[in-house]
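# Chains, contacts and geometry: an overview
Listed below are the residues making up each chain.
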Amino acid sequence: MLCVALTGCGDSSNDDGGMVPEPEPPPENTPSSIELLDAQPADGVTQADPGIADVTLSHFGYTDFAIDVSGDCADGSTLVRSTEDLSVDFDALFEHSQVCDGLADNGSYQSLVRATRDDGDTFEVRLVFATAIASAPALQVQDSVTTPRESVADLIQTFLDESLIDDLNVPDSVAAVVQSLVQAVAESAYGELLDADPLFGVTAQRVTYASRRPDGSASSQLTGLVAYPDTTAADFQPRDSLIVLSHSTGVTPSDLDVTDAWYLVATLFASRGYLVIAPDNWGRGGTSGEPETFLMARQTAATSLDLVRAVLGDPAYDAARGPAVPSATIVGYSQGGHTAVALWQAMAAQAPDIAVSGVYAGAGPYNLYATARGVVEHANGSCNDGVYCRYVTDETTVPFLAERVLPGYIAYAADGLVLDNVLDGEMLNEGFVAGFLRNEPAFDDLKGLLQQSSFTNVAAGLDLLTGAGTRFSLFHSAFDRLVPVANTEELVPVIEPYFEVDFRTDACNSDAYAAIFNATDYVGISHALCGLEMLNDVFGELR
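Each value, and the rule that gives it
Residues numbered from 1 in each chain as written. Predicted model: local features only at pLDDT ≥ 70, side-chain atom pairs only at ≥ 80, totals over all residues. Heavy atoms only, no water. 1 Å grid on protein atoms, 1.4 Å probe; cavity = no way out; pocket = protein on both sides within 12 Å on 5 of 7 lines; lining within 4 Å. Points joined across faces, edges and corners; volume = space filled by probe spheres on them. Helix = DSSP H or I, 4+ residues; strand = E, 2+ residues; numbered from the N terminus. Nonpolar A, V, L, I, M, F, W, Y, C, P; charged D, E, K, R; others polar. Buried < 20%, exposed > 50% of the residue type's maximum accessible area, 1.4 Å probe, protein only. Contact = heavy atoms within 4.5 Å. Polar contact = N/O pair within 3.5 Å; in protein donor to acceptor, adjacent residues only side chain to side chain. Pairing = 2+ DSSP bridges. Axes fitted to C-alpha atoms, helices over the stretch in contact; angles between N-to-C directions. Salt bridge = Lys/Arg side-chain N within 4 Å of Asp/Glu carboxyl O. Phe/Tyr/Trp six-rings, centres within 6.5 Å; stacked < 30°, edge-to-face > 60°. pLDDT = per-residue confidence, 0-100. Parallel < 35°, antiparallel > 145°, perpendicular 65-115°, else oblique. Left-handed = near helix turned anticlockwise from the far one by under 90°.

All chains considered together, the criterion is met by nine cavities of 30 Å³ or more. Looking at the largest cavity, its volume works out to about 230 Å³. In terms of lining, the largest cavity is formed by 23 residues, of which the most central are T56, E95, R298, Q345 and A346. If you list the elements that add at least two residues to the lining of the largest cavity, you get β3 (54–61), β5 (74–82), β6 (92–99), α8 (297–312) and α10 (335–350). Tallied by class, the residues present in the lining of the largest cavity amount to ten nonpolar, eight polar and five charged. Volume-wise, the second largest cavity comes out at about 150 Å³. Contributing elements (two or more residues each) for the lining of the second largest cavity: α11 (368–380) and α12 (397–412). Its residues assigned to classes, the lining of the second largest cavity shows eleven nonpolar, five polar and no charged.

The following block contains the structure:
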């Protein structure tokens, strides 16, 4: 025992009579590891599609980080967002975009982020993923509807007369009042839509395409709509821009349903000569039955961009889009307004070959975190008339967060949370509400993800995207009870230093909106009517 002890305590000889080398001292300032908050593809994914050539990853950190991004894909842009209400002292959220070129089938890849603080402390974030075999690039057409030119003009009036009130689910007690107020708004604000003056018949297709699941693994299940004009008409000339429509809550453009406003709007734009692309969210259309990626900026933008690339790469649409790659105009309202900004950001960072000439976005929860927190504050009884909680209701807004927003975040991204422990039926669980507002560590990831999908908290990096030269046209009614107008009011000063911004405060604020606001406290009416007014203005400008 003594011999063993002596040997262990310092005998420096080995069996050959040589000297055992002293152990290497640890390197100075070994980087501390920071966990990924989110990534596309997700860390450890083994079935990424090598033909989908981009990577994004995000993590918490500090505002004084000096960042170096490396790995198997080319370094792109980094957005830095401010953070709040975390249990840890991180004060920033970093989102890195990389463009990959020539990934091989069945290959292994990584991205590495190294960060150094002003005091010299270093940190490291690592993403590792593997590819499968590349998917076939061609779109698959599942269904098709052709609308003759003479039938296009009546689509919106029929929708207003027969579908809009049903879509709003207004109580019978106020339906008649609401219908008359809707008609008043329509007469003053929907003239362009009601007098569409179609130039061409339209073919609308439900398509599937090579894309990705919420974790970034390959999928061919996603669906979308592609609508295009009759290119055989003698007077047809391709437009210099295609239109990407980001759908609003609860609709699926690829259903080709005449009661779906976004399908109708796609048909109207195509009747004026545009090639129109309208992706479905994951969780709708071909992926229905799965939790929807509702207001998940990164995931919805990624799958939307995949469809845009697929359409531009498919020769079947050459006649509709012309010989050159056209610019893109992105249009979205409500959930779609949020997605429109996310898609613009993704295209500016990872698809520089497709110039985005304009973004029309209305009534989106651009400060998604504050909007969600307002619902939680209402549930806790601590609202105090704040701008993000004063119009929250148990009947509409709380279920909106509980049934639409949280399921996707918890299913796909927020580690450690289980939906059954967050919800009590359509309401928020008391333990979740209390812990969220107390800044308990269990909710840091969820808060980070909600802040990652916000656009009003960008502290640095937008200057790297200014090459897009995009013009933003924003719409939001001051009478909106569903999505507070503060979302758009906060977005404007964030993007205005870098882009041309037109916040159209004259839209959606007429006397008719005031009358609706005063006649009923039902949440969704002004919100929905403003969406049609925005689309009316867009259609008039893009005629």
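F432, V433, G435 and F436 are the residues of helix α13 (residues 430–437) that are buried. The elements touched by buried residues of α13 are α11, α12, β19 (427–428) and α14 (444–452). Two residues or fewer after α13 comes N439, characterised by a positive phi angle close to 60°.

This paragraph deals with the side chain of S254. In this structure, S254 sits in the loop between β14 (241–246) and α7 (261–271). A polar contact is formed between the side chain of S254 and the side chain of R206, at a distance of 3.1 Å.

This part takes up the sheet that holds strand β2 (residues 38–40). One open sheet accounts for five strands, arranged β2-β3-β6-β5-β20; its pairing is antiparallel. Looking at strand neighbours, the two that pair on one side only are β2 and β20 (458–460), the edges of this open sheet. On average, each strand axis in the sheet is tilted by 25° relative to the strand beside it, whichever way the strands run. Contacts from α10 reach β3, β5 and β6 within the one sheet, and its direction differs from that of β6 by about 55°.

Approximately 310 Å³ is the volume attributed to the second largest pocket. Every residue lining the second largest pocket is counted, 15 residues in all, and those nearest its centre are G51, P137, A210, R309 and A310.

Time to look at the pattern of salt bridges. In total, this model carries 22 salt bridges according to the counting rule given. In this structure, D306 engages R212 in a salt bridge whose closest nitrogen and oxygen atoms are separated by 2.8 Å. Taken together, the residues span a long stretch of sequence, with D306 in helix α8 and R212 in strand β11 (residues 211–212) at a distance of 94 residues. Residue R212 is classed as buried on the basis of its relative accessible area, which comes to 4%. With its nearest N and O atoms 3.2 Å apart, the salt bridge here joins D385 to R390. Of the residues examined, R390 reaches a relative accessible area of 37% and is grouped as partly exposed.

This next bit is on the packing of aromatic side chains. Considering all chains together, one arrives at 21 aromatic pairs under this definition. With 5.5 Å between their ring centres and 35° between their planes, F65 and F94 make a pair best called tilted. Taken as a pair, F65 in the loop between β3 and β4 (66–71) and F94 in strand β6 lie far apart in primary sequence, 29 residues in all. Exposure class is identical for F65 and F94. Each is buried. Measuring from centroid to centroid gives 5.4 Å for F432 and F443, while their planes differ by 80°, and the two rings are edge-to-face. Pair noted here: F432 is in helix α13 and F443 is in the loop between α13 and α14, with a separation of eleven residues, a long-range link. Judged on exposure class, the residue F432 and its partner F443 are both buried. Members of the aromatic cluster, joined through ring pairs, are F60, Y62, F65, F90, F94 and F123.

As a further point, take helix α15 (residues 486–495). Among the ten residues that make up α15, seven are buried, leaving the element largely enclosed by the rest of the structure. For α15, the set of buried residues is A486, N487, T488, L491, V492, V494 and I495. On the buried face of α15, the contacting elements are α11, β20, β21 (471–475) and β22 (500–503).

This part covers the confidence of the model for the protein. Note that predicted coordinates carrying low pLDDT should not be read in detail. Here the protein averages 90 in pLDDT, while 92% of its residues score no lower than 70. Between residues 1–18, whose pLDDT stays under 50, and residues either more than four places distant or in other chains, the model counts eight contacts.

Let us now look at the packing of α11 against α12. For the pair α11 and α12, interaxial distance at closest approach is 10 Å and the crossing angle is 125°. It follows from the interaxial angle that α11 and α12 lie oblique. Where α11 crosses over α12, the two elements pack in a sense that is left-handed. Together, L368, A372, V375, V376 and H378 of α11 and T397, V398, L401 and Y409 of α12 make up the contact between the two elements.

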